[in-house]
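If you want the building blocks of each chain, they are given just below.
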Amino acid sequence: MSYGFSEAMAARPDRAPTPGSEVGVQPLVDHTRLDGDTDEDRRIQAAHRLYEHLIGLWAPGVIEAAHDLGMFAELAKGAASAVEVAETLKTDERATRIMLDALHAYAMVDAVVPPDGITRYVLGERMLPSVLPGGVYSLTGKMDYDRAVAWPAWRSLAEAVRHGSRDAAGHDRANQISEADYESLALGINFWAPPIVARLHDWLDASGWDASVPARVLDVGCGSGLYGQLMLRRRENWHVTGVDAPRIIELARAQARRLGVDGRFSGMVGDFWADAWGAGFDLVFFANIFHLQTPESAAKLTATAAGSLSERGLICIADHIVDDTGRGESEQDRFARLFAASMLATGGGDAYRLSRYDRWLESAGLRRVALIDAPMHRILIATRPDNTF
């Protein structure tokens, strides 16, 4: 028999549900127990820090295996013991218990002991949309992408460092993945969009962009279309045109219908390298496009975007941008530097520095007017030099 979530938690009223409540990644080493300041002590402390990094691969291993096995889908039905889960999934009972305990260690599930003394595992309501397919903020696409692309690629990182991400002629390669893998990834990182759109919306308000005034937006390489669609929910007189490959545009159109903004979202099938973008857009938006480019292709994107703007139009780039202006290392910078390594592993691209973006903008006849921090991202906003904000 399976307990429901509320029943399982009622069995332990002294314990609040924890899945999804943590901020950041939970540490696995108690560094407060590593005291001492001799050279030997410091070497031991450094070894513990390195070990904690090395075992970071345990997390995707456990989480993605649970996804493959259907454990999250099973726990979505209600709290269950390891025996019950193993029986349903036809897995080994002891191994299933070990997996569920590992998920508990990563705060993916809670472990509850009711009066009968049998531990039951609970998938919290906040975690549920992330680990099941079909939801706007599901990460199952990211898990599928990892299985198909990331895991094999990371094993070859040393070779990528030896030879770089250049083609036979010695030119930098843009990061290229199959359309099927791109589909998985596009849907698997939707959760990035809401805080970015919220910060952009606030900046526009503070800069005098009245939300009631109509505006035309071009979302270049729109993926699932979520960035533009969330903008439409906040700014009711805007219209967004998303440009991407045929298979991806169908996803974006379907999501626009689910979010109730399909009347103001146009999905345009096109190759943004070969096809004309049009002109007179009030905002040209790029979400996670520049890190896939070579320096040369990024400069070309910037110039093409500049030619597509209305007189007072803005370019907005949300990406993993390293701020090299001397403000000091931040979470965004650390993530961007590691993200660049993932680009190297999977075939090319980079997390470019702010100074390089500024050079691309200057060459395109634009200037940066804002740099806004967001989780794992920065939002760069630019316009023509004679526009004031």
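Structure: see above.
Residues numbered from 1 in each chain as written. Predicted model: local features only at pLDDT ≥ 70, side-chain atom pairs only at ≥ 80, totals over all residues. Heavy atoms only, no water.

Examining the overall build of the chain
A count of helices and strands for the chain gives 16 helices and 9 strands. Split into buried and exposed, the 389 residues of the chain put 45% on the buried side. Sequence-distant contacts in the chain: of pairs separated by 6 or more residues, those separated by 24 or more amount to 70%. (Helix = DSSP H or I, 4+ residues; strand = E, 2+ residues; numbered from the N terminus. Buried < 20%, exposed > 50% of the residue type's maximum accessible area, 1.4 Å probe, protein only. Contact = heavy atoms within 4.5 Å.)

As for the pairing of strand β9 (residues 377-383)
Along a regular strand, successive side chains alternate from one face of the sheet to the other. β9 sits mainly inside the fold: 7 of its 7 residues count as buried. By the alternation rule, side chains of β9 split into H377, I379, I381 and T383 and R378, L380 and A382, which are all buried. Examined bridge by bridge, strand β7 (residues 309-319) and β9 share 5 bridges and lie antiparallel to one another. Along β9, the bridge assignment pairs C316 with I381. Where strand β8 (residues 367-374) lies against β9, 7 bridges are found, and the strand directions are antiparallel. When the sheet's bridge partners are listed, R367 is paired in β9 with T383. Between β8 and β9, which pair antiparallel and follow one another directly, the connecting turn spans 2 residues, one of which, M376, has a positive phi of 65 degrees. (Pairing = 2+ DSSP bridges.)

Examining helix α16 (residues 354-363)
Buried within α16 are the following residues: L354, Y357, W360 and L361. Viewed along the axis of α16, the buried residues span an arc of 115 degrees, placing them on a single side of the element. Facing away from the buried side of α16, by more than 90 degrees, are the exposed residues E362 and S363. In this fold, the buried residues of α16 make contact with α14 (295-306), β7, β8 and β9. Positive backbone phi, at 80 degrees, marks G365, one or two positions downstream of α16. (Arc of directions from axis to C-beta.)

So, the sheet that holds strand β3 (residues 215-220)
Strand order in the open sheet formed by 7 strands is β5-β4-β3-β6-β7-β9-β8, and the pairing between neighbours is mixed. Bordering the open sheet on either side are β5 (265-269) and β8, each of which pairs with just one other strand. Each strand of the sheet is rotated relative to its neighbour by a mean of 20 degrees, with strand direction disregarded. Taken together, the 4 bridges between β3 and strand β6 (residues 281-287) define a ladder with parallel strand orientation. Looking across to β6, one finds that D219 is bridged to F285. Contacts from helix α11 (residues 193-206) reach β4 (238-244), β6, β7, β8 and β9 within the one sheet, and its direction differs from that of β8 by about 135 degrees. (Axes fitted to C-alpha atoms, helices over the stretch in contact; angles between N-to-C directions.)

Focus: the nonpolar core
Counting 42 residues, the largest nonpolar core has L200, Y227, W238, L283, F285 and I381 as the members making the most contacts within it. A per-element tally of this core places α11 first, with 6 residues. Excluding residues that lie within four positions of it along the chain, F285 makes contacts with L200, V217, L218, D219, V220, Y227, M231, C316 and A318. One finds F281, I289, W360 and A364 within the second-largest nonpolar core, a separate group that totals 27 residues. (Core = buried A, V, L, I, M, F, W, Y, C linked by side-chain atoms within 4.5 Å.)

Observations regarding the environment of V29
Here V29 is to be found in the loop between α1 (5-10) and α2 (39-54). Here the alpha-carbon distance between V29 and R49, two residues 20 residues apart in the chain, equals 7.9 Å. Among all residues touching V29, those that are not within four sequence positions of it are L34, H48 and E52.

Observations regarding the packing of aromatic side chains
A complete count under the given rule lists 13 aromatic pairs for this structure. Aromatic side chains F290 and W360 sit 6.1 Å apart centroid to centroid with 40 degrees between the ring planes, which places their arrangement in the tilted category. Residue F290 is located in the loop between β6 and α14, and its partner W360 is located in helix α16; the two are separated by 70 residues in the primary sequence. F290 sits in the buried class, given a relative accessible area of 0%. A cation over an aromatic ring shows up here: R216 above the ring of F281, its NZ or CZ 4.2 Å from the ring centre. (Phe/Tyr/Trp six-rings, centres within 6.5 Å; stacked < 30°, edge-to-face > 60°. Lys NZ or Arg CZ within 6 Å of the ring centre and 35° of its normal.)

Re the pairing of β4
Along β4, 6 of the 7 residues are buried, which leaves the element largely enclosed by surrounding structure. Direction of pairing for β3 relative to β4: parallel, over a ladder of 6 bridges. The partner of R216 across the bridge, within β4, is H239. As for the winding sense of the linkage, the β-α-β connection from β3 through helix α12 (residues 226-234) to β4 is right-handed. As judged from the 5 bridges shared by β4 and β5, these two strands associate in the parallel manner. Looking at β5, one finds that D244 is bridged to V269. Remark: the β4/helix α13 (residues 246-258)/β5 crossover connection has right-handed handedness. (Right-handed = clockwise from strand over helix to strand, strands pointing away.)

Brief notes about a nonpolar patch on the surface
Judged by side-chain polarity, L28, Y51, L57 and W58 come together as a nonpolar surface patch covering roughly 420 Å² of accessible area. By the secondary structure assignment, L28 is in the loop between α1 and α2. (Patch = residues over 30% accessible without salt bridge, like charges linked within 9 Å, V, L, I, M, F, W, Y side chains within 5 Å. Areas by Shrake-Rupley, 256 points an atom, 1.4 Å probe, with all protein chains shown as cover. Salt bridge = Lys/Arg side-chain N within 4 Å of Asp/Glu carboxyl O.)

Digging into helix α6 (residues 93-105)
In a regular helix each residue adds 1.5 Å, so 13 residues correspond to 18 Å; α6 covers 18 Å between its end C-alpha atoms and thus fits that length. Those residues of α6 lying buried are T96, M99, L100, A102 and L103. Buried residues in α6, looked at end-on, bunch into an arc of 155 degrees, giving them a common side. Against α3 (58-69), α4 (71-75), α5 (82-89) and β2 (120-122) lie the buried residues of α6. Positive phi appears at A107, one or two residues downstream of α6, with a value of about 60 degrees. (Expected span 1.5 Å × (residues − 1).)

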